Amino acid sequence: MRDANLHTIYLKDYTAPEYLIHNVALNFVLDEEKTRVTSRLTMSRNPASQSRDQSLTLAGENLILIRINLNDGNDLTEEQYQLTHDSLIINEVPQQQNFILIIENLINPKANTALEGLYLSNSMLCTQCEAEGFRKITYFLDRPDVMAKFTTTLVADKNRYPVLLSNGNKVDRGELPGNLHWVTWEDPFNKPCYLFALVAGRLECLEDSFTTLSGRRISLQIFVEKQDIDKCGHAMQSLKNAMRWDEKVYGREYDLDLYMIVAVSHFNMGAMENKGLNVFNTKFVLARPDTATDSDYEHIEGVIGHEYFHNWTGNRITCRDWFQLSLKEGFTVFRDQEFTGDRTSKAVKRIEDVNMLRTRQFAEDAGPLAHPVRPESYIEINNFYTLTVYEKGAEVVRMIHTLLGAEGFRKGSDLYFERHDGQAVTCDDFIKAMEDANAADLKQFRRWYSQAGTPVVSVQQHYDQATKTLALTLRQSCPPTPGQAVKEPLHIPVRIGLLNSDGSIASCLMQGTNQATEEVILPLTQSEQSFTFENLPASKPILSILRGFSAPVKLVLERSLEELAFLLSYDRDTFNRWEAGQQLAGQIISGLIADVQQGRELQVNPVFIKAFKQVLEQAWDDLSYFSLLLSLPSETYLAEQMQFIDVEAIHKARECVALTLAEQLQAQFKTLYLANNREESGQFDAGAIGRRRIKNTCLGYLGKLENKEIQEWATTAQNTAKNMTDQIAALAVIVNNPHPARQSCLDNFYRQWQAEALVIDKWFALQASSPMPDTFAKVLSLMKHPAFDLKNPNRVRALIGAFSQANPLHFHAANGQGYQFLADQIIALNSLNPQVASRMVNALTSWRRYDKARQELMTAQLKRIISTEAISGDVYEVASKSLL
Ligand code: B3K
Ligand code: ZN
């Protein structure tokens, strides 16, 4: 069982720091197992603090203390300080003037498998400090509202660590006896310690430059291990695109003379925005057409943009405390979403984001770990880098954008940057800037930050033939979430449009206004509210509601299949058009789920096939959007829609629809496949990407037919594809369906790509997510594969993560073997890497949504996890809260 020193931290307990740190001079003598850190801090009492305590408490974990010196006197003796497992308390420090504290300590990067603090990845040394990793490097006031100027000197062996990097500008360098060299870096900007970084290793560099709108020349450098230097071009171009976009859309320029990105193979998440020195998971940097898919290319550009945008939203203006995490993450996700939308297809990007939100964040918001965008308490802050803080946080910012309009939003962001540059602030400061710049009132809107749970908005329509008016009555409610039984009404922007029965636009004239428009945003602020539209045509118009998914809510509105088919053909809003198709498919699949459960024969309603056929036979410009229109809702999304999840019935019902489409529209799929199956080496442009998407969507359907010709198409594509998009799509068809050459194709693929770690991750993930009956046995044998490594988070996510989060059918096997397997792995991972272990618990936390037998099996594993000796706070918090 977990030890007693776990404690909960509350937002309401926030107090200003007792001391300030003005300057930090760090000196590292780098070594794999024994790195010596000397930190020289210039500090003072914080006049804003109420405390009168004369002692100073610094955070520190897993450090070996060598000496402490105050104001150049004798080193402190053991009577003058106390050490605990996570802090250093100096009994007395000067209260009236600045003082200098020097601390020397040792750390062991090689033993650091948690990948937080200073650690070893292959032969490279690197750091990860957010949220609280700096305390694993040296004793410090490790909190975001303590901001200081950092100067960092790195000393290391010239051969092992020829490249020595830290934040800011390189200001000096030299050589030392014993084959050592040193470099000093100076960061002129105040920053919290979570933005500190260092990297040392034998690295190659791709260099380029960017000239800002004001004419400053910025040097850009991407550092990677030698074998990867040919895969950095796309990341570099993405960085330049992001820099230009932020200048144009937000008027924000980069501030240092140098921007560095380093790609590392062992990384707990995607990337980290350290000032001037971003550290990235290789997955979000490396790309060559033959090794990375089109989606990989898009994600790389998105994550490079995200980290770059943090330079203003996160670094120049940071968070006062970790409860305010969404201040930087929600806003920065919104910024990266818009950037990607501008670079690729706005329609496609919006659909992808909403899909993710509704599948995964809605599940989080409906489960035992639901929390507000600005949480009120935590045990381990790393557990709060959640879909709610990031994705729902971004939706909240998007709603402000919708309410204020693009210009108003820009005025608000300008004021925010001007008012708070160099400060550590709160979500409330952000909203206040938006309000002040627009003379707007967002008082009620603020509830989005404090209230957890997904609101439900139900819609009733009443069309009056005599007066030609349409009355819409909207009702909002929100189910209770842990710790929040009662919910207040939110301010919800509901974007709508109306269509005439011939598909043309009916303009919206709201009662009480005198201007008719194509669209309106209904300001829903009360529990129940009615809106009336006048001057309408003689027959009832068709309502297109929540256009662009204008608010993160669940919409309840009865629709006939015919009405959905109509919207799928005529809605002008690209999001709602796609949504109509999804709802149509969803209704059909729900009906079939009930049929499976009641042992009835399965038959797909011809209305659906007809609507699908119509889409299939239409000409589309945006082929990526077209392929989304042809995609069925995922099993996980369908599960989210059900109160009790029946994984087998969902799988059977969805497969039945896919197979019926494949059978009845075989000719159309084949024609489309052949028309788009060109010899392409994988250029990254919208046209080529779209052709690959549509072609592979067709192949996915055709693959279900178990037809020799199609099986050969797949084998040929897998063997001859010139780009990873086509190769992996073909392999997926082979792995997800009965195919005579399955094993030999997998073996060939492995042989071809064994030197490319990121491609081998795909190979693991594909097998772990296959619906074929032998998958669990495969997963067990892959755990023993020489290329599997529990210490590498990408590999863990590829095999264990994909099995537990992307394979509902097998993970939820009725005998509980999937649950037991996952718990075994979580327990093993817990002692190596608590952050990654804790992420894996997610697959068990929604146990209440399954049948009794599964509930018991899942909770038994959660209880086993909690009672494991030396369970980390990370894992304990998620597992125990899910049982409450
Ligand atoms: N800010 C980092 C995430 C840090 C996670 C710490 N457990 C990456 C990002 O959101 O850009
Ligand atoms: Zn971020």
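Since the structure is predicted, the reported quantities are computational estimates derived from the model, not experimental observations.

Asks: What's the story with the pairing of strand β7 (residues 87–90) in this structure? I'm lost.
Replies: In summary, the side chains of a regular strand alternate between the two faces of the sheet. The alternating pattern of β7 places Ser87 and Ile89 on one face and Leu88 and Ile90 on the opposite face, and all of these are buried. Two strands pair when backbone bridges link them, and strand β4 (residues 56–59) and β7 are joined in this way by four bridges, in the antiparallel orientation. Its bridge partner being in β7, Leu58 is matched across the sheet by Leu88. Sheet topology note: the strand β6 (residues 81–83)/β7 ladder contains three bridges and is antiparallel. Within β7, the residue paired with Tyr81 across the bridge is Ile90.

Asks: Just to check I follow, could you spell out the side chain of Thr293 for this structure?
Replies: You can see Thr293 is positioned in the loop between β20 (277–281) and α2 (294–309). Setting aside residues up to four positions removed in sequence, Thr293 forms contacts with Met724, Thr725, Ile728 and Lys762.

Asks: What am I meant to see in the sheet that holds strand β24 (residues 456–464) here?
Replies: Backbone hydrogen bonds hold the strands of a sheet together, and the pairing may be parallel or antiparallel. The strand order across the open sheet built from four strands is β29-β25-β24-β31, with neighbouring strands paired in mixed fashion. Each having just a single partner strand, β29 (528–533) and β31 (554–556) make up the two edges of the open sheet. Each strand of the sheet is rotated relative to its neighbour by a mean of 25 degrees, with strand direction disregarded. Two elements, β24 and β31, share three bridges in a ladder whose sense is parallel. By the bridge assignment for β31, Val456 is matched with Lys554.

Asks: What am I meant to see in the site of ligand 1 here?
Replies: Around ligand 1, the surrounding shell holds 15 residues, and the nearest of these are Glu130, Glu273, Glu307, Asn382 and Tyr390. Between ligand 1 and the protein, one listed contact pairs an oxygen atom with a side-chain N or O atom of His310 at 3.2 Å. Within the side chain of Gln835, a nitrogen or oxygen atom sits 3.5 Å from a nitrogen atom of ligand 1. Here ligand 1, which alone exposes 340 Å², has 94% of that area covered by the protein.

Asks: Mind showing me how you'd approach the pattern of salt bridges here?
Replies: A side chain with one charge may pair with a side chain of the opposite charge, provided their charged atoms come close. As enumerated under the stated definition, the model contains 61 salt bridges in all. The shortest N-O distance in the salt bridge between Asp321 and Arg320 comes to 2.7 Å. Classification of Arg320 as partly exposed rests on a relative accessible area of 22%. One continuous salt-bridge network, built from bridges that share partners, spans Asp228, Asp230, Lys231, Arg288, Asp290 and Glu756.

Asks: Explain the coordination of the zinc ion (ligand 2) to me, please; I cannot follow it from the model alone.
Replies: By definition of the ideal shapes, a tetrahedral metal site with four donors has angles of 109.5 degrees and an octahedral site with six donors has angles of 90 or 180 degrees. Ligation of the zinc ion (ligand 2) by protein atoms is provided by His306 (NE2), His310 (NE2) and Glu329 (OE), these donors lying 1.9 to 2.1 Å from the ion. Expressed as a motif, the donor residue spacing for the zinc ion (ligand 2) is H-x3-H-x18-E. In this pair, His306 is assigned in helix α2 and Glu329 in helix α3 (residues 325–343), connecting sequence segments 23 residues apart. For His306, a relative accessible area of 8% corresponds to the buried category.

Asks: Mind showing me how you'd approach the sheet that holds β20 here?
Replies: What the five strands build is an open sheet, ordered β16-β17-β18-β20-β19; its pairing is mixed. Because the sheet does not close on itself, it has two edges, and the strands there are β16 (204–211) and β19 (271–272). Bridge analysis of strand β18 (residues 258–264) against β20 gives five bridges, and the strand direction is parallel. Residue pairing in the sheet places Ile261 in a bridge with Asn278 of β20. Packing of helix α1 (residues 233–250) onto the sheet brings it into contact with β16, β17 (217–224) and β18, and relative to β16 it is tilted by some 25 degrees. Sitting on the sheet, α2 touches β18, β19 and β20, and the angle it makes with β20 is about 150 degrees.

Asks: How do you make sense of the packing of aromatic side chains when you look at a structure like this?
Replies: The relative placement of two aromatic rings is captured by the distance of their centres and the angle of their planes. Summed over the entire model, instances satisfying the criterion amount to 47 aromatic pairs. Taken together, a centroid distance of 6.1 Å and an interplanar angle of 35 degrees make the contact between Phe140 and Phe150 tilted. Note that Phe140 is positioned in the loop between β10 (124–128) and β11 (148–157) and Phe150 in strand β11, a separation of 10 residues in sequence. An identical accessibility class is assigned to Phe140 and Phe150; each is buried. Sitting above the plane of the Trp312 ring, Arg252 keeps its charged end 4.6 Å from the centroid. Seen from the ring of Phe189, Lys275 lies directly overhead, with NZ or CZ sitting 4.2 Å from the centre.

Asks: Can you walk me through the nonpolar core in this structure?
Replies: One recurring pattern in soluble globular proteins: nonpolar side chains tend to sit buried together. Membership of the largest hydrophobic core comes to 207 residues, with the highest contact counts inside it found for Phe430, Leu522, Phe533, Phe608 and Leu661. Leave out the neighbours within four places in its chain, and Leu522 touches Leu472, Leu474, Ile492, Pro493, Val494, Ile496, Met510, Phe531 and Phe533. Leu101, Tyr161, Val163 and Phe267 belong to the second largest nonpolar core, which has 76 residues in total.

Asks: Please explain the pairing of β18 as it appears in this structure.
Replies: Summarising burial for β18: seven of the seven residues are buried, a large majority. Side chains Leu258, Met260, Val262 and Val264 project from β18 onto one buried face, and the interleaved Tyr259, Ile261 and Ala263 project onto a second face that is buried too. Of the pairings in the sheet, the one linking β17 to β18 comprises five bridges and is parallel in character. The partner of Leu220 across the bridge, within β18, is Tyr259.

Asks: Explain the side chain of Gln718 to me, please; I cannot follow it from the model alone.
Replies: By secondary structure assignment, the location of Gln718 is in helix α16 (residues 708–720). Taking the relative accessible area as the measure of exposure, Gln718 reaches 1% and is therefore buried. Among residues more than four places away in sequence, those in contact with Gln718 are Gln727, Ala730, Leu731, Ile734, Cys745, Asn748 and Phe749.

Asks: Would you explain the packing of α1 against α3 in this entry?
Replies: Geometry of a packed helix pair, given as the angle between the helix axes and the separation of the axes. The contact between α1 and α3 brings their axes to 11 Å, and the two run at 105 degrees. As summarised for this structure, α1 and α3 are arranged roughly perpendicular, according to the angle between their axes. Here α1 contributes Ser238, Asn241, Ala242, Trp245, Asp246 and Tyr250 to the contact with α3, which in turn contributes Phe331, Phe334, Arg335, Glu338, Phe339, Asp342 and Arg343. Looking at the contact of α1 with α3 residue by residue, the classes come out as six nonpolar, two polar and five charged.

Asks: Which parts of the structure should I look at to understand helix α14 (residues 666–676)?
Replies: A turn of α-helix holds 3.6 residues, and therefore any two residues three or four places apart point the same way. By the burial criterion, the buried members of α14 are Gln668, Phe669, Lys670, Leu672, Tyr673 and Asn676. Buried positions along α14 lie against α10 (606–617), α11 (623–629), α13 (647–664), α15 (686–702) and α16.

Asks: What is the right way to read the domain arrangement of the protein chain from this model?
Replies: Frequently, the measure chosen for interface size is the accessible area that the parts lose on association. As assigned here, the protein chain comprises domain 1 (318–450), domain 2 (456–547) and domain 3 (754–884). Averaged C-alpha coordinates put domain 2 and domain 3 at centres separated by 44 Å.

Asks: Quick question: what am I supposed to make of unusual backbone geometry here?
Replies: Following Glu130, the chain continues into Ala131 via a peptide bond in cis, with omega recorded as 0 degrees. Mapped onto the secondary structure, Ala131 falls in the loop between β10 and β11. In this model, Asn535 sits at a positive phi of 65 degrees, which is unusual for a non-glycine residue. Its place among the elements puts Asn535 in the loop between β29 and β30 (542–545). In the Ramachandran plot, Ala870 falls in the positive-phi region, its phi being about 60 degrees despite a non-glycine side chain. Mapped onto the fold, Ala870 is located in the loop between α25 (852–866) and α26 (873–883).

Asks: Help me out: how do you make sense of the UniProt feature "domain: Aminopeptidase N-like N-terminal" (unreviewed entry) in the protein chain in this one?
Replies: On the UniProt side, "domain: Aminopeptidase N-like N-terminal" (unreviewed entry) is annotated at positions that read residues 53–195 here. A helix fraction of 0% and a strand fraction of 50% characterise residues 53–195, whose end C-alpha atoms lie 28 Å from each other.

Asks: How should I be thinking about the packing of helix α19 (residues 757–768) against helix α21 (residues 793–806) in this particular structure?
Replies: Between α19 and α21, the least distance of the axes is 8 Å, while the angle of their chain directions is 15 degrees. Between α19 and α21, the interaxial angle falls into the category roughly parallel. Seen along the crossing, α19 lies across α21 with a hand that is right-handed. Contacts between α19 and α21 involve Ala757, Leu758, Ile760, Asp761, Phe764, Ala765 and Ala768 on the former and, on the latter, Asn794, Arg795, Ala798, Leu799, Ala802 and Phe803. Looking at side-chain class alone, the contact of α19 with α21 contains 10 nonpolar, one polar and two charged residues.

Asks: What is the right way to look at the environment of Cys129 in this model?
Replies: Tracing the backbone shows Cys129 in the loop between β10 and β11. Residue Cys129 is classed as buried on the basis of its relative accessible area, which comes to 1%. The sequence separation of Cys129 and Lys34 amounts to 95 residues, and the corresponding C-alpha distance is 19 Å. Those residues in contact with Cys129, other than ones at most four positions away along the chain, are Phe134, Ile137, Cys193, Tyr194 and Phe196.

Parameters and conventions
Residues numbered from 1 in each chain as written. Chains lettered and ligands numbered in written order. Predicted model: local features only at pLDDT ≥ 70, side-chain atom pairs only at ≥ 80, totals over all residues. Heavy atoms only, no water. Buried < 20%, exposed > 50% of the residue type's maximum accessible area, 1.4 Å probe, protein only. Helix = DSSP H or I, 4+ residues; strand = E, 2+ residues; numbered from the N terminus. Pairing = 2+ DSSP bridges. Contact = heavy atoms within 4.5 Å. Axes fitted to C-alpha atoms, helices over the stretch in contact; angles between N-to-C directions. Near = heavy atom within 4 Å. Polar contact = N/O pair within 3.5 Å; in protein donor to acceptor, adjacent residues only side chain to side chain. Areas by Shrake-Rupley, 256 points an atom, 1.4 Å probe, with all protein chains shown as cover. Salt bridge = Lys/Arg side-chain N within 4 Å of Asp/Glu carboxyl O. Donors = N, O, S within 2.8 Å, 3.2 Å for Na, K, Ca; no water. Phe/Tyr/Trp six-rings, centres within 6.5 Å; stacked < 30°, edge-to-face > 60°. Lys NZ or Arg CZ within 6 Å of the ring centre and 35° of its normal. Core = buried A, V, L, I, M, F, W, Y, C linked by side-chain atoms within 4.5 Å. Parallel < 35°, antiparallel > 145°, perpendicular 65-115°, else oblique. Nonpolar A, V, L, I, M, F, W, Y, C, P; charged D, E, K, R; others polar. Domains from an automatic or database assignment. UniProt positions renumbered as here; feature names shortened; annotations may be inferred. Left-handed = near helix turned anticlockwise from the far one by under 90°.

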